[in-house]
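Structure at a glance
Below are the chains, spelled out letter by letter.
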Amino acid sequence: MNIIVTKGDILKEKAELAVFGVFSGTQTFSGELKAADKALGGLLTVMTAEEQFGGKLGDQLVLHTHGKLPFNRILLVGLGDKKTFNLEALRRAAGAMVRYAGKIEATSVVCIFANAGLDPAEAAQAVTEGALLADYKYLTFKPKEAARLNKRKPMTLTLVAPEAVSVRSIEKGIALGEVYARATVYARDLVNEPARGMTPTHLKEHAERIATNDKNIKLKVLDAAACAKLGMDAFLAVAKGSDEPPYFLHLTYKPDRANKTYRKIAIVGKGLTYDSGGLSLKPTREMVTMKCDMAGAASVLGVFSVLSDIGADAEIHGLIAACENMPSGKAVRPGDIVTAMNGKSIEILNTDAEGRLTLADALAYTTTKIKPDTIVDLATLTGSCMYALGSDIAAILSDNKKLADYIKEAAARSGEEVCELPLYAGYAPFIIGDHADLRNVASIRYGDTLMAGLFLKEFTDDIPWAHLDICGPAFAERDVNPYTNKGGTGFGVRTMLNWLKGI
Ligand code: BES
Ligand code: ZN
Ligand code: ZN
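Residues numbered from 1 in each chain as written. Chains lettered and ligands numbered in written order. Predicted model: local features only at pLDDT ≥ 70, side-chain atom pairs only at ≥ 80, totals over all residues. Heavy atoms only, no water.

On to the domain arrangement of the chain, then. What the domain assignment lists for the chain is domain 1 (2-162) and domain 2 (185-501). Distance between the C-alpha centres of domain 1 and domain 2: 38 Å. Facing 14 residues of domain 1, the contacting portion of domain 2 comprises 16 residues. The interface formed by domain 1 and domain 2 includes one salt bridge. Here domain 1 and domain 2 share nine residue pairs in polar contact (both at pLDDT 80 or more) between them. Secondary structure elements with two or more residues in the side of domain 1 that touches domain 2: α3 (87-103) and α4 (120-134). (Domains from an automatic or database assignment. Contact = heavy atoms within 4.5 Å. Salt bridge = Lys/Arg side-chain N within 4 Å of Asp/Glu carboxyl O. Polar contact = N/O pair within 3.5 Å; in protein donor to acceptor, adjacent residues only side chain to side chain. Helix = DSSP H or I, 4+ residues; strand = E, 2+ residues; numbered from the N terminus.)

Have a look at this one:
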């Protein structure tokens, strides 16, 4: 899809489809819509009344122009209440527009650029994200459909800007939106690829490609032997049941300008390319979506794939302990005790609580080898998180209020939902082991998201740290909104980019 901007009168633009945003409660049309209504002999007014189109967010109304205007069809998209209008409403409206344009296979679409009080660059970015993400399809295993779509002329979306808004700022927003969408799509593709192909080796190859394509990024790969040397017993215990070799991936991004001291940030992603549960085997219905258990890693790779494009001005480390959790004669057993890289011993009571084991070593490595100023981890960590917050909202747990606030603010701008849960110290006694320092499942039944958070905190020392449990929103089991289809969502990528861009 090409997204371009122009100035002028939308009623003079030749296209298959023209799109207008309408706020709810709009009584009479004004401006271009009024003129369009007039050209159509008042049909717009009649139809919106008859169809009871009220401009509710997501509502749509289609009308054929029968040669009375230079475009074949008009699409009205509801923008919702003007008072609560924000970037996310715009993203969704743009998504709805592109979904409809895709359905009628339109290749030329013109659209009024309605920033309605929002910063024009940010509004253009939101429109671009919504449009490009709505256009996303995972077609690796539908080559015929992919070929058919590839043969088609790509859609050109022309944003018609009002006189008062600078084209330059809209173009800047479009460019940034393209970068954000590209990174998100990268993560979606990784998550959607089934685990038989998306192995730890394959994740490593992706990291290698990212490092090869960007001179600012270096990659260090540790194989099982190197991990053993460092004492990553917890990570390797999880990997042992699988025939796929595990890899520990350490990406480092350094900005261009030398001789400057940078803040050091680390982003850690859970990288279970498949989570069968191990010997604590999951039932099939819970196993079917477990290719998504590397969504944290996918988001880290998505972020790294565009760090140079956003001109990130910090030294940024990306860490992924990539492995597969499988049952076999070599698998770690419930009752086994392992010792993580920082010397803490862990009683494994349930091999399905494997994420916190791999993250234990990833965080211990980060804390002792990198010593960053800030650590953020993204992990599809606990099913409990979905009981607490449902499928669309991530949990954030942090030992640093400022950091949590920065990330919540970045999430709000990206339209990604996060909600803070407490690292309640009162629960800490429940993760102490009987015969080891820690246990990987708590001794009481409830609140596993908090227990897992407290467990991870044992491996971050005093470094300000935030943990995002993306269990629900990383993988959509239904179409969530007009720009987020079923499957991998790339959740976390745009929030992290917003946060890192502001550093
Ligand atoms: N990968 C799962 C969590 C998960 C569940 C991710 C659903 C995505 C969708 C994690 O490794 C897990 O299995 N957690 C267990 C922990 C329990 C054994 C304490 C869970 O939540 O059931
Ligand atoms: Zn598990
Ligand atoms: Zn898992």
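Picking up after the structure, the text goes on.
A word on unusual backbone geometry. Within the chain, A116 stands out as a residue other than glycine whose phi angle is a positive 35°. If you trace the backbone, A116 turns up in the loop between β5 (108-112) and α4. Residue class for A116 comes out partly exposed when judged on its relative accessible area of 38%. (Buried < 20%, exposed > 50% of the residue type's maximum accessible area, 1.4 Å probe, protein only.)

Okay, the environment of I396 next. By the secondary structure assignment, I396 is in strand β14 (residues 394-398). For the pair I396 and V303, spaced 93 residues apart in sequence, the C-alpha to C-alpha distance is 19 Å. Once residues within four sequence positions are removed from consideration, I396 is found in contact with A404, I407, K408, V418, C419, E420, L421, A466, H467 and L468.

So, on to the packing of α4 against helix α6 (residues 167-192). α6 packs onto α4 with a crossing angle of 35° between their chain directions and a minimal axis gap of 7 Å. With respect to the hand of their crossing, α4 and α6 are arranged in right-handed fashion. For the pair α4 and α6, the contacting residues are P120, A121, A124, Q125, T128, E129, L132 and L133 in the first and S169, I170, G173, I174, L176, G177, E178, Y180, A181, T184, V185 and R188 in the second. Classifying every residue of the contact of α4 with α6 by side-chain character gives 11 nonpolar, six polar and three charged. (Axes fitted to C-alpha atoms, helices over the stretch in contact; angles between N-to-C directions. Left-handed = near helix turned anticlockwise from the far one by under 90°. Nonpolar A, V, L, I, M, F, W, Y, C, P; charged D, E, K, R; others polar.)

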